[in-house]
Amino acid sequence: MPFFTLQHPIDSPEAAALPQPVKDVWTQYRILDHSQWLSAAEIVEHQLHEVRDLLQHCQQHVPFYSRLLRQDNIVPDEIRTLTDFRRLRIISRRVWQEHATELRAQQLPPGHWLTAKSTTSGTSGVPLEVLQTNIVHRWWWACNLRDLEWGGFDPRGTLAGIRPPVRTFAPEELRQYQSGVTYAEWFPGLSGLLQTAPCYGLDIQQEPAKQLAWLRGISPNYLLSYPSNLDMLANLLQDQQASLPGLRAIQTIGESLTPEVRSRIEAAFGVPVKDQYTCAEAGYVASPCPDGHGYHVHAEHVLLEVLDSDDQPCAPGETGRLVLTALHNFLNPFIRYEIQDDATVGATACLCGRGLPLLKSIEGKSRPYFQLADGRLKTSSNILFGLYDLQGFRQYQIIQQALDRVTVRVVPDQNWTAAHPDRIRQVVDEFFEQPISTEVEIVARIERPASGKVRDLICELPPRTL
Ligand SMILES: [Zn+2]
């Protein structure tokens, strides 16, 4: 029995008149509804088939892979097992960035076309521009529907989303978004398919007190935002001894949800919090098991490996680094790509009966809070939205050393100009809402600390309680 309620029965003339991309999303979602119950072995067979198709395409049309497969003497059609697959080289974010031009397909299969570009930096401060296609979008929406179903999010209830503005907003749209907007439905891209209630949107850079006032005004059934932002709202909600009576569940996006933050948000809002693991490079990667046993990988869409320090697969219970293969982006391939997050492998077979691989936990993108001079804490992710627009660098790192002192380290690229340092200072001043002493350091590389990963955002001040 499908979880969602369609606007029109699937065999009605109205449903038949829906645009083909919308019908394709529904078909894909229904296929996923079936494939989640296949055995683990059947799912791997399916993945290897997809890998062969992708690599055959890359061999012919993606210069980076034409060369690499020849050098490494790999024939796509001979990849029959995961051991064969692991002969492919692991590609770091740095290598991908350096070869971005060569990693763009010169030709696409019939029915694939460029639809959008997205920018991502992970938490390592190495920005990438990722080209997306119509097929990538179809999978995004289909996995989005699966994720909502697994989390029990019924679109016939109202949804409030507090997140960054869309980059393509016109100035007037942006101005409206800062004080809150109402959309007629949850999924503008799937218009006409599902019955949905209105959806509300607000800029995440809005002050937390105003966010909360806005939420209390609309009293949504579901709330979606970044964990660090929800954590601040949870604190305010408890200070004000207030509640959101209509709220049924919260979905976090954008950053990793730690167990402590999850329990603070759940305690303050009094509803369950669902998270998910998505990225610009591969879309939906994993979502919580509906029965609460960890996270299931969307394995029809992404081949995810959890590897130890010898690049061998981790066993259940072991933690390793994530390496992913996006199976459907034939324009900008990510094949055995090291995403720079870690995960702990879950049980071999999930008690819920799904054959999709299980992760016990995902240790992904978590970022600190920056501290404002007036005592407020601010989600440090917010500073990135201004920085991304500047471009001109291969890597960055922002360190808050004092309430009024920040260092921004950048590794410039060919688009760097003499005007960049002042523009960076302006972004920092806007974020901290006052003039800040900002040192812009131009460096050849950002050193990896002895104990772990390079972090893009660092606060060196003693932690302040929320
Ligand atoms: Zn499960």
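Each chain carries its own residue numbering, running from 1 in the direction its sequence is written. Predicted model: local features are reported for residues with pLDDT of at least 70 only, side-chain atom pairs are reported and counted for 80 or more only, and whole-chain, interface and lining totals are derived from all residues.

**What to know about the nonpolar core**
The nonpolar side chains of soluble globular proteins are, as a tendency, buried together.
Part 1: In this usage, the nonpolar core is the set of buried Ala, Val, Leu, Ile, Met, Phe, Trp, Tyr and Cys residues whose C-beta atoms join them within 7 Å. Counting other C-beta atoms within 10 Å of a residue's own tells you its class, since 20 or more makes it buried, 12 or fewer makes it exposed, and anything in between is partly exposed; those C-beta atoms are placed from the backbone. Residues Ile265, Val285, Val297, Val302, Leu324, Tyr337 and Leu359 are the most contacted members of the largest nonpolar core, which totals 87 residues.
Part 2: Labels follow the DSSP assignment, with helices taken as runs of H or I lasting at least four residues and strands as runs of E lasting at least two, numbered in each case from the N terminus. In terms of residue count, the dominant contributor to this core is helix α7 (residues 134-151) (8 residues).
Part 3: The contact criterion used here is simple: two residues whose C-beta atoms, placed from the backbone, lie within 7 Å are in contact. Residue contacts for Ile265: discarding those within four places in its chain leaves Leu230, Asp231, Ala234, Ile250 and Val273.
Part 4: Listed in part, the 15 residues of the second largest apolar core include Ile383, Leu387, Ile424 and Phe432.

**Remarks on the pairing of strand β19 (residues 405-412)**
Part 1: The pairing of strand β18 (residues 393-402) with β19 spans 8 bridges and is classified as antiparallel. From the neighbouring strand, Ala402 faces β19, where its bridge partner is Arg405.
Part 2: Here the rule is simple: two strands pair whenever DSSP picks up at least two bridges between them. The antiparallel hairpin formed by β18 and β19 contains 2 residues in its connecting segment.
Part 3: One ladder, built from 6 bridges, connects β19 with strand β20 (residues 437-442); its direction is parallel. When the bridges of β20 are listed, Val408 appears paired with Val440.
Part 4: Viewed with both strands pointing away, a crossover whose connecting path from the first strand over the helix to the second turns clockwise is right-handed. With helix α13 (residues 420-432) bridging β19 and its parallel neighbour β20, the resulting β-α-β unit is right-handed.

**Brief notes about the environment of Leu82**
Part 1: Secondary-structure assignment places Leu82 in helix α5 (residues 82-85).
Part 2: Taking the C-alpha atoms as reference, Leu82 lies 8.1 Å from Val44; in sequence the two are 38 residues apart.

**Quick look at the domain arrangement of the chain**
Part 1: Domains are outlined according to an automatic or database domain assignment. Annotation of the chain at the domain level lists domain 1 (14-138 + 278-363), domain 2 (152-275) and domain 3 (369-459).
Part 2: Domain 2 and domain 3 are separated by 27 Å when their C-alpha centres are compared.
Part 3: The interface is formed by 9 residues belonging to domain 2 together with 6 residues belonging to domain 3.
Part 4: Classification convention: Asp, Glu, Lys, Arg as charged; Ala, Val, Leu, Ile, Met, Phe, Trp, Tyr, Cys, Pro as nonpolar; all other residues, Gly among them, as polar. Residues of the side of domain 2 that touches domain 3, tallied by class, amount to 4 nonpolar, 4 polar and 1 charged.

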